[in-house]
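Summary of the model geometry
Spelled out from the first residue to the last, the chains are:
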Amino acid sequence: MRLWNRVAVMRHIWDLVGMKESLWATWIIENKLKKLSFWGITKPLVASWNWQNLIKLRQYIKSCFKYDLGKGDCSFWFDPWCNGKAIVDLYPSVSFNNADVSKFAKVKDLWCRGSWRFPGPMDEHVDNMWSFIKDNFTIDESSEDKVSWSVSPSGIFSINSAWNHFREEKPRVSWWKVVWGPGNIPKQSFIAWLALKNRLRTKDKLMKWGCIDNDICVFCNRGPESINHLFFRCNITSGIFKSVMLACNINREIVNWRREWSWYSRRIRGKSLLAKVRRLAFVCTIYQIWRGRNKLVFDRIPVDAGAIKGLIKRDILMKMFAKRSRSIVFQNLYHNWYNM
C-alpha cells in the first residue's frame, strides 16, 4: 500500500516536470519553485505534508526522467538533461563558484551563436565537465525541450508503468484468478484472500492470544474453530459447500482447505460462464459462511445452513441474471442455482 501511494503521488511530479497546463502545476511553479528547478530546491523546514513528500521522492524518481535538449530552457545544474543525470550528480566536486556559473543558470545561458560558451576552467574537474558537455550535447534553438518518462515505451507517465517499474517482482500465485477474478464481488474477494492467507481471526487464534476461553465452532459445537474446520470440516458448512458444488456441476468429496484451494485453482480457469460462476460461488460461499459465523458470535443472531445458502443463491442468481443469455449452458446452470 505504501508503494502504491508513492506511485500515485508521482503523478504530481510528472505534472510539474513536464510543465503540464494545470492550475495546480502553474501555481506551484510560480509560487514555490520560482526560478529554481524542482530537482534543485532545498528541502523546506516548514511546509505542508504533501509538499514534503513530493520533495522526498525526488532522488527516488529522478533517473526515470529523460530530457531531450531543445532550446535549453532547463536548469543547467539540477535537471537531468545529461543522459538522465544532472550535472551536480555527474560532477559533485565542482561548485557553482569554481565553474563560475550561477545556481539559477539555464542550459541556454551557456550557448551563444551555435556553440558552447563556457567560463575559463579553474581546475581539471571543471575542464573535464566542459569537455564532456561539448563532446556530447548541442542545443537546437528551433525546438522546445522534451521531457519523457523513460520507463514507458510511450514516454508518457502512467501509474501502471511506475508501479511495474518500482514494485518487487514476485512469482505469480496460482489462485489469484479465483480470488480476484473479473465478476467477483470485491468485499467477498477480500475475505477469501484473508482466509487464504490465514489472516481471519478464528477462535483457535483468539484462544492462543488469551482473548477467549472457548474455541468451539459455533455452527456444529463439536471441534475447535480453525480455518480448515470452519469451511470444510464442520458438518454444517461442509454441507453448504457440497450444495454449492453440486449447483456448479461439481460432484466430488470435500477434502481440506489447502486441497480444495489447489483443486479450484487448477480446475476453474478460463473465461467461460461455468468457470466464472464457479469462481464467484467459491468466494461467495467463504464470505457468507464467515458473515454468518460473525452474526452468531457477535450479534447472537441464529443463523442456519438454509439462511447462508439463501444468501449465496441470491448473490449468484443476481450476477447470472445480469449476464443472462439463451444458451443451454446458462439455462441449465441457472436452473441448478434456482432449485438449490
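Shown above is the structure to which this text applies.
Residues numbered from 1 in each chain as written. Predicted model: local features only at pLDDT ≥ 70, side-chain atom pairs only at ≥ 80, totals over all residues. Heavy atoms only, no water.

Okay, the overall build of the protein next. Summing up its helical and strand segments, the protein has 17 helices and four strands in all. Judged by the C-alpha coordinates and their principal axes, the protein covers about 90 × 55 × 35 Å. For the protein, the residues scored as buried account for 43% of the 340 residues in total. Partitioning the contacts of the protein with sequence separation of at least 6, the portion at a separation of at least 24 is 60%. Counting 56 positive and 28 negative side-chain charges, the protein places the averaged centre of each group 15 Å from the other. (Helix = DSSP H or I, 4+ residues; strand = E, 2+ residues; numbered from the N terminus. Buried < 20%, exposed > 50% of the residue type's maximum accessible area, 1.4 Å probe, protein only. Contact = heavy atoms within 4.5 Å. Lys, Arg positive; Asp, Glu negative; His and termini not counted. Charge placed at Lys NZ, Arg CZ, Asp CG, Glu CD.)

Looking now at the packing of helix 13 (residues 235-247) against helix 16 (residues 305-322). For the pair helix 13 and helix 16, interaxial distance at closest approach is 10 Å and the crossing angle is 35°. The interaxial crossing formed by helix 13 with helix 16 has right-handed handedness. Across the interface between the two elements, I236, I240, S243 and V244 of helix 13 pack against A305, I308, K309 and I312 of helix 16. Grouping the constituent residues of the contact of helix 13 with helix 16 by class yields six nonpolar, one polar and one charged. (Axes fitted to C-alpha atoms, helices over the stretch in contact; angles between N-to-C directions. Left-handed = near helix turned anticlockwise from the far one by under 90°. Nonpolar A, V, L, I, M, F, W, Y, C, P; charged D, E, K, R; others polar.)

So, on to a nonpolar patch on the surface. Together, V173, W176, W180 and F190 make up a nonpolar patch on the protein surface, roughly 370 Å² of accessible area in all. By the element assignment, W180 lies in helix 9 (residues 176-180). Classification of W180 as partly exposed rests on a relative accessible area of 41%. (Patch = residues over 30% accessible without salt bridge, like charges linked within 9 Å, V, L, I, M, F, W, Y side chains within 5 Å. Areas by Shrake-Rupley, 256 points an atom, 1.4 Å probe, with all protein chains shown as cover. Salt bridge = Lys/Arg side-chain N within 4 Å of Asp/Glu carboxyl O.)

The next subject is the nonpolar core. If you look at the biggest cluster of nonpolar residues, it comprises 51 residues, and the most contacted ones within it are F231, W261, I286, I316 and W337. Per element, the largest residue contribution to this core is 11 residues, and it comes from helix 15 (residues 273-299). The contacts of W261, once residues within four sequence positions are left out, are W175, V178, V179, A192, L196, F282 and I286. By size, the runner-up hydrophobic cluster in this structure holds 50 residues, among which are F78, I87, A99 and F166. (Core = buried A, V, L, I, M, F, W, Y, C linked by side-chain atoms within 4.5 Å.)

On the surface, R172, K177, R259, R266, R267, R269, K271, K276, K319 and K323 cluster together to form a positively charged patch. The element that contributes the greatest number of residues to the positive patch is helix 14 (residues 257-267), accounting for three residues. Residue class for R266 comes out partly exposed when judged on its relative accessible area of 45%.

This part covers the packing of helix 13 against helix 17 (residues 328-338). When two helices pack together, their arrangement is given by the angle between the helix axes and the distance between those axes. Taken N-terminus to C-terminus, the directions of helix 13 and helix 17 make an angle of 155°; their axes are 8 Å apart at the nearest point. Classified by the angle their axes make, helix 13 and helix 17 are roughly antiparallel. Relative to helix 17, helix 13 is oriented so that their crossing is right-handed. Of the residues in helix 17, those touching helix 13 at V244, L246 and A247 are L333, N336 and W337. Split into classes, the residues belonging to the contact of helix 13 with helix 17 amount to five nonpolar, one polar and no charged. (Parallel < 35°, antiparallel > 145°, perpendicular 65-115°, else oblique.)

The next subject is the environment of L23. Along the polypeptide, L23 turns up in helix 2 (residues 23-33). Spatially, the C-alpha atoms of L23 and D68 are 25 Å apart, while their sequence positions differ by 45 residues.

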